[in-house]
Amino acid sequence: MQAVEHPPTSAALAGMLEENLPALRAYARGLCGNPTLADDLVQDTVLRACEKLDTFDRDRPIRPWLFAILRNEFLQDARRSWRRMELTEAICDRELLTDATPESCSDARRMLEMVTALPVDLRESVSLVLGLGFTYEEAGEVCGVPAGTIKSRVSRARSALVASFEERAAGRTPTAA
Amino acid sequence: MARDDNKPGDGGKPMNLPGAEQKSASKALSTALRNTYDSVLNEPVPQRLTDLVARIRAEEERRRKRDN
């Protein structure tokens, strides 16, 4: 994905939004786990970006700014507890393959469900860095934490997901991340 | 794309995987994750979102003409 770095004027907003829509959708999908709710989240993000354009620092890249808006919208909705997609253990057990391995898990839906089952801080970090190719610095800017924190979270998320695959392959219930 | 070294003390490893297997599983996981997100990236963007951006573009045009 090619990010637009420095929007010169508000007239460029539509183009920048359009260019980032696919990645915003993917990030939202990884956060809330449900395609329809994820697109609602992107829609809210687009509207919020229009409202907040005057607060955007034009010396900063646009991509972290947009993704931070989406993240904030998600967290606000999650606090209101009406949009968050929680995966219960029962749903995980029913939906995830007991003999899954990373190699065999080609099904995008199942993979996203596993990501969605992670705690939010790990979920957003793994989505941005491993899923969407953000640098640790960019992801840190989105999440409001240092790059080192993102790196640690990605490592923990990776370990949790690998352990989950391993435990499922062994027929055990996965432990919490 | 950022890389993650998965160093000891930086999150730990599953206890039951030897180092080489862990590295292989971790690499496979990264590939699976990237493929998963790529599949979403390659989906067509829903009409309601493209329509919304089109309305923003039209509004920008109207504003630009008015300001000029």
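This one's a predicted model, so the numbers in the text were calculated from it and none came from an experiment. Residue numbering note: each chain is counted from 1, following its sequence as written. Think of it this way: whatever chain is written first is A, whatever ligand is written first is 1, and the rest follow in order. A pLDDT threshold of at least 70 governs which residues receive local features in this predicted model, and a stricter bar of 80 or more applies before side-chain atom pairs are shown or counted, although totals over entire chains, interfaces and linings include all residues.

Glancing now at the overall build of chain B. Secondary structure is summarised from DSSP: a helix means a run of H or I of at least four residues, a strand means a run of E of at least two, and numbering begins at the N terminus for each. For chain B, the helix and strand inventory stands at two helices and zero strands. Three exposure classes are used. Buried residues have 20 or more other C-beta atoms within 10 Å of their own C-beta, exposed residues have 12 or fewer, and partly exposed residues fall in between, all C-beta atoms being placed from the backbone. Buried positions account for 19% of the 68 residues belonging to chain B.

Another aspect to go through is the overall build of chain A. Within chain A, the secondary structure is distributed over eight helices and zero strands. Reading chain A from its N terminus to its C terminus gives the helix and strand order α-α-α-α-α-α-α-α. For chain A, restricting intrachain contacts to residue pairs at least 6 apart in sequence, the fraction spanning at least 24 positions comes to 62%. Placing C-beta atoms from the backbone, we regard two residues as in contact once those atoms come within 7 Å.

Residues and elements named next belong to chain A. Between helix α6 (residues 120-131) and helix α7 (residues 136-143), the least distance of the axes is 9 Å, while the angle of their chain directions is 140°. One way to sum up the angle between α6 and α7 is to call them oblique. At the point where α6 passes α7, the crossing takes the right-handed sense. Where α6 approaches α7, its residues Glu124, Ser125, Leu128 and Val129 are matched on the opposing element by Tyr136, Ala139, Val142 and Cys143. The axes are straight lines fitted to the C-alpha atoms, using for helices just the contacting stretch, and the angles between their N-to-C directions are given from 0 to 180°. Each angle is binned into one of four classes, with values under 35 degrees roughly parallel, values over 145 roughly antiparallel, values of 65 to 115 roughly perpendicular, and all other values oblique. Note on convention: the crossing is left-handed when the near helix lies turned anticlockwise from the far helix by less than a right angle, right-handed when the turn is clockwise.

All names here are of chain A. We define a nonpolar core as a collection of buried residues of the types Ala, Val, Leu, Ile, Met, Phe, Trp, Tyr and Cys that are connected via C-beta atoms lying within 7 Å of each other. Counting 54 residues, the largest nonpolar core has Tyr27, Ala28, Leu70, Val126 and Val129 as its most contacted members. The element best represented in this core is helix α1 (residues 13-32), accounting for 11 residues. Each of domain 1 (12-85) and domain 2 (87-177) gives at least three residues to this core. Beyond its immediate sequence surroundings of up to four residues, Ala28 is in contact with Ala38, Leu41, Val42 and Leu70. Each domain span listed reflects an automatic or database assignment of domains.

On to the confidence of the model for chain B, then. A residue's pLDDT is simply how confident the predictor is in it, with values from 0 to 100. Taken as a whole, chain B shows an average pLDDT of 74; of its residues, 68% reach a score of 70 or greater. Considering only residues more than four positions removed or in separate chains, one finds that residues 1-15 of chain B, a stretch of pLDDT under 50, has 27 contacts.

Turning our eyes to something else, we now look at the domain arrangement of chain A. Residue and element names in this part refer to chain A. The domain architecture assigned to chain A consists of domain 1 (12-85) and domain 2 (87-177). Contacts between domain 1 and domain 2 engage 13 residues on the former and 15 residues on the latter. Sorting the residues of the side of domain 1 that touches domain 2 by element identifies α1 and α3 (62-80) as the ones contributing at least two each. For the side of domain 1 that touches domain 2, the element with the highest residue contribution is α1, accounting for six residues. The classification used treats Ala, Val, Leu, Ile, Met, Phe, Trp, Tyr, Cys and Pro as nonpolar, Asp, Glu, Lys and Arg as charged, and all other residues, Gly among them, as polar. Its residues assigned to classes, the side of domain 1 that touches domain 2 shows eight nonpolar, two polar and three charged.

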